[in-house]
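# Survey of secondary and tertiary structure
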Protein chains: 2
Amino acid sequence: MYDFPLFVGIEEADIKKLLSEFNAYNMKYKKDATILSNVSRTSQFYIILSGKANVTRYNFNGTKTIMEKLDKGDIFGSFSGTSDDDLYVIASEDTEIITFEYNKLINRSGRNIEAHNKLIDNVLNKLADKLTSYNERIEILTEKTIRDKLLKYFNYLSKKQITKNIIIPFTLSDLSDYLAVDRSAMMRELKNLNEDSLISSKGRYINIKY
Amino acid sequence: MYDFPLFVGIEEADIKKLLSEFNAYNMKYKKDATILSNVSRTSQFYIILSGKANVTRYNFNGTKTIMEKLDKGDIFGSFSGTSDDDLYVIASEDTEIITFEYNKLINRSGRNIEAHNKLIDNVLNKLADKLTSYNERIEILTEKTIRDKLLKYFNYLSKKQITKNIIIPFTLSDLSDYLAVDRSAMMRELKNLNEDSLISSKGRYINIKY
DNA sequence: AATTAATTGTTGCTTTTGCAACTTTTATCG
DNA sequence: CGATAAAAGTTGCAAAAGCAACAATTAATT
């Protein structure tokens, strides 16, 4: 049930005690339901217990951008967005969350101190991971050409998957969103990379040849 | 001495006690000195007491990119970079830091619990702020045209400076880096925005007219 | 105050990218 | 299983952006 990084190193019994002390409660959402609107102004701390959700921005012109994908064990809260934008957390499949007041997390009472310490450590690590992945995305977005964005992204993937035969973990359509480039232009560049023998790819399966 | 957000809400005496419990020590660096190399692998937690520094990446081709600017009161540590890149923290002027083991921050002993709680709260807020500013940059970088990047950036600035007469807080040259676009192309677009009467600007002084 | 360095501003040309409008292939669902 | 939807793959054309090479200002330094 609670077997994800956020709770690593904490006994299940202690997790339950803590959550109960925090007055935490569970909620279930169907696919496409809105879990949270006005993300930046919540005082709650959220954990995804199962399912998946997207932190989504709706632009004035009706298009939407996925700012972040949330998986089982991921956290979200006021730290998930900028102060002005209309960000929503939307379930991308049936999703269960648990939530409690952020303040409870911070202000330790006397009980369960050790478990509480560990939890905060884990939260810090989660945020640090998030910072790392934002950093990564910024480095990729900072590349000037589509080609360079792709190559940099492939590099990161290759390091993570520890192989030169990488599999893109989402659709190519989503990849073009992630890289913030036009999908067809990205496809064209993918073809060029194949023709220049820098990669050999079919769909989301890519072999890096350099 | 310790009057910055990281220590807000904590008595100076308590700060000193905590830092002493953490076996924290101070270091001074001259302008351009390397404060930390191999950022992602440090187990220390750093706070800038005075001065300024840059988190810098050196690319294979010899160019360097400033990933983040650090000011008085800012923190850095393993959470400041991606896992693979060679990141350095370089003093951009004479700088004093204080540092201690990250573990000491997390594992609370019995004493000074309240101050320690508050400190961790502040660290969480710092990280959250950082996430917010990364989010902001990502949202800007995600815009497709230079024009839209500029407008989005001006919007953020306008909200922060609470005025439509904004002042860009660094050189236009640095702005083009921040937006990851060619400087001359950015200048051209700035001119277009003026001609289209969306802004009226001279150098870094910009009046937003919409 | 004079010189040097840095920043700002400009422009023609070329390359890259986005857009639109398709076809083909692969998934999904009643 | 067949129908419908989603994703992948293509292409011509127009618009945007990068590059390079300057000139003009403004700031910094001795």
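Structure's up top.
So, here is what we can say about the structure in this document.

Conventions used here
- Residues numbered from 1 in each chain as written.
- Chains lettered and ligands numbered in written order.
- Predicted model: local features only at pLDDT ≥ 70, side-chain atom pairs only at ≥ 80, totals over all residues.
- Heavy atoms only, no water.
- Helix = DSSP H or I, 4+ residues; strand = E, 2+ residues; numbered from the N terminus.
- Buried < 20%, exposed > 50% of the residue type's maximum accessible area, 1.4 Å probe, protein only.
- Contact = heavy atoms within 4.5 Å.
- Areas by Shrake-Rupley, 256 points an atom, 1.4 Å probe, with all protein chains shown as cover.
- Lys, Arg positive; Asp, Glu negative; His and termini not counted.
- Charge placed at Lys NZ, Arg CZ, Asp CG, Glu CD.
- Arc of directions from axis to C-beta.
- Buried area = accessible area lost by both parts, 1.4 Å probe.
- Salt bridge = Lys/Arg side-chain N within 4 Å of Asp/Glu carboxyl O.
- Polar contact = N/O pair within 3.5 Å; in protein donor to acceptor, adjacent residues only side chain to side chain.
- Nonpolar A, V, L, I, M, F, W, Y, C, P; charged D, E, K, R; others polar.
- Near = heavy atom within 4 Å.
- Least-squares fit on C-alpha atoms with pLDDT ≥ 70 in both.
- Axes fitted to C-alpha atoms, helices over the stretch in contact; angles between N-to-C directions.
- Parallel < 35°, antiparallel > 145°, perpendicular 65-115°, else oblique.

## Considerations on the overall build of chain A
Summing up its helical and strand segments, chain A has 6 helices and 11 strands in all. Seen through its principal axes, chain A has C-alpha atoms that stretch 65 × 40 × 30 Å. Taken across its 210 residues, chain A has 51% of its residues classed as buried. Expressed as a percentage of contacts within chain A between residues at least 6 apart in sequence, the contacts between residues at least 24 apart total 70%. When the accessible area of chain A is evaluated, it comes to approximately 10,200 Å², of which 48% is carbon and sulfur surface. Averaging the positions of the 31 positive and the 29 negative side-chain charges in chain A gives two centres separated by 4 Å.

## Some remarks on helix α1 (residues 12–21) of chain B
Residue and element names in this part refer to chain B. Restricting attention to buried positions, one finds in α1 the residues I15, L18 and L19. One side of α1 holds all its buried residues, which, seen down the axis, span an arc of 95 degrees. Considering only its buried residues, α1 is in contact with β8 (95–101) and α3 (113–142). Just past α1, the residue N23 takes up positive phi, approximately 55 degrees.

## Here's the deal with the interface of chain B and chain A
Listed by partner, the interface residues are 39 residues for chain B and 41 residues for chain A. Counting the surface lost from both chain B and chain A, the interface buries some 3,800 Å², and carbon and sulfur atoms represent 62% of this. Seen at the junction of chain B and chain A, the total is 0 salt bridges. Put simply, chain B and chain A have 2 residue pairs in polar contact (both at pLDDT 80 or more) between them. Elements with a minimum of two residues in the side of chain B that touches chain A: α2 (102–106), α3 and α4 (146–161) of chain B. A per-element tally of the side of chain B that touches chain A places α3 of chain B first, with 20 residues. Looking at the side of chain B that touches chain A residue by residue, the class counts come to 16 nonpolar, 10 polar and 13 charged.

## Considerations on the protein's contact with DNA strand D
Near DNA strand D there are 19 residues, and of these L172, R183 and K191 of chain A together with T145 and I146 of chain B occur at the shortest range. Near the protein, within 4 Å, the atoms of DNA strand D are sugar or phosphate in 57% of cases. A distance of 3.3 Å separates a base oxygen of DNA strand D from a polar side-chain atom of R188 of chain A. One of the side-chain N or O atoms of K191 of chain A is found 2.9 Å from a phosphate oxygen in DNA strand D. For the surface near DNA strand D, the elements supplying multiple residues, two or more each, are α5 (172–179) and α6 (183–195) of chain A together with α6 (183–195) of chain B. Examining the composition of the surface near DNA strand D, we find that 5 residues originate from one element, α6 of chain A, more than from any other. Residue composition of the surface near DNA strand D, by class: 5 nonpolar, 6 polar and 8 charged.

## Quick look at the relation of the copies chain B and chain A
Screw-axis analysis of chain B against chain A gives a translation of 0.2 Å along the axis, an RMSD of 0.5 Å, and a rotation angle of 180 degrees. Here the transformation between the copies is reduced to the relation of a two-fold axis. A share of 100% of the interface residues of chain B reappears at the interface of chain A, consistent with the copies meeting face to face through the same patch.

## A closer look at the packing of helix α4 (residues 146–161) of chain A against α6 of chain A
Residue and element names in this part refer to chain A. At a closest axis distance of 9 Å, the pairing of α4 and α6 adopts a crossing angle of 70 degrees. Between α4 and α6, the angle is such that the two are roughly perpendicular. Across the interface between the two elements, I146, R147, L150, L151 and F154 of α4 pack against A185, M186, E189, L190, N192 and L193 of α6. Among the residues forming the contact of α4 with α6, the class breakdown is 8 nonpolar, 1 polar and 2 charged.

## Observations regarding the protein's contact with DNA strand C
Surveying the vicinity of DNA strand C reveals 21 residues, the closest of which are T145, I146 and D182 of chain A together with L172 and K191 of chain B. Counting only the atoms of DNA strand C that lie within 4 Å of the protein, the sugar and phosphate share comes to 50%. R188 of chain A places a side-chain nitrogen or oxygen 3.0 Å from a base nitrogen of DNA strand C. A distance of 3.2 Å separates a phosphate oxygen of DNA strand C from a polar atom in the backbone of G203 of chain B. Among the secondary structure elements, those contributing two or more residues to the surface near DNA strand C are α6 of chain A together with α5 (172–179) and α6 of chain B. With 5 residues, the top contributor of residues to the surface near DNA strand C is α6 of chain B. Within the surface near DNA strand C, the residues separate by chemical class into 6 nonpolar, 6 polar and 9 charged.

## Here's the deal with the pattern of salt bridges
Residue and element names in this part refer to chain A. This model, assessed by the stated rule, comprises 24 salt bridges over all chains. Of the charged contacts, one joins K118 and D121 as a salt bridge, the two residues approaching to 3.4 Å between their closest N and O atoms. Residue K118 and its partner D121 are both found in helix α3 (residues 113–141); the two are separated by 3 residues, about one turn of the helix. Of the residues examined, K118 reaches a relative accessible area of 28% and is grouped as partly exposed. In this structure D121 comes out as buried when scored by relative accessible area, which is 12%. Between E189 and R147 there is a salt bridge; the shortest N-O distance is 3.1 Å. Residue E189 is located in helix α6, and its partner R147 is located in helix α4; the two are separated by 42 residues in the primary sequence. We classify E189 as buried; its relative accessible area is 16%. R147 sits in the partly exposed class, given a relative accessible area of 21%. Taken together, the shared-partner salt bridges connect R147, E189 and D196 into one network.

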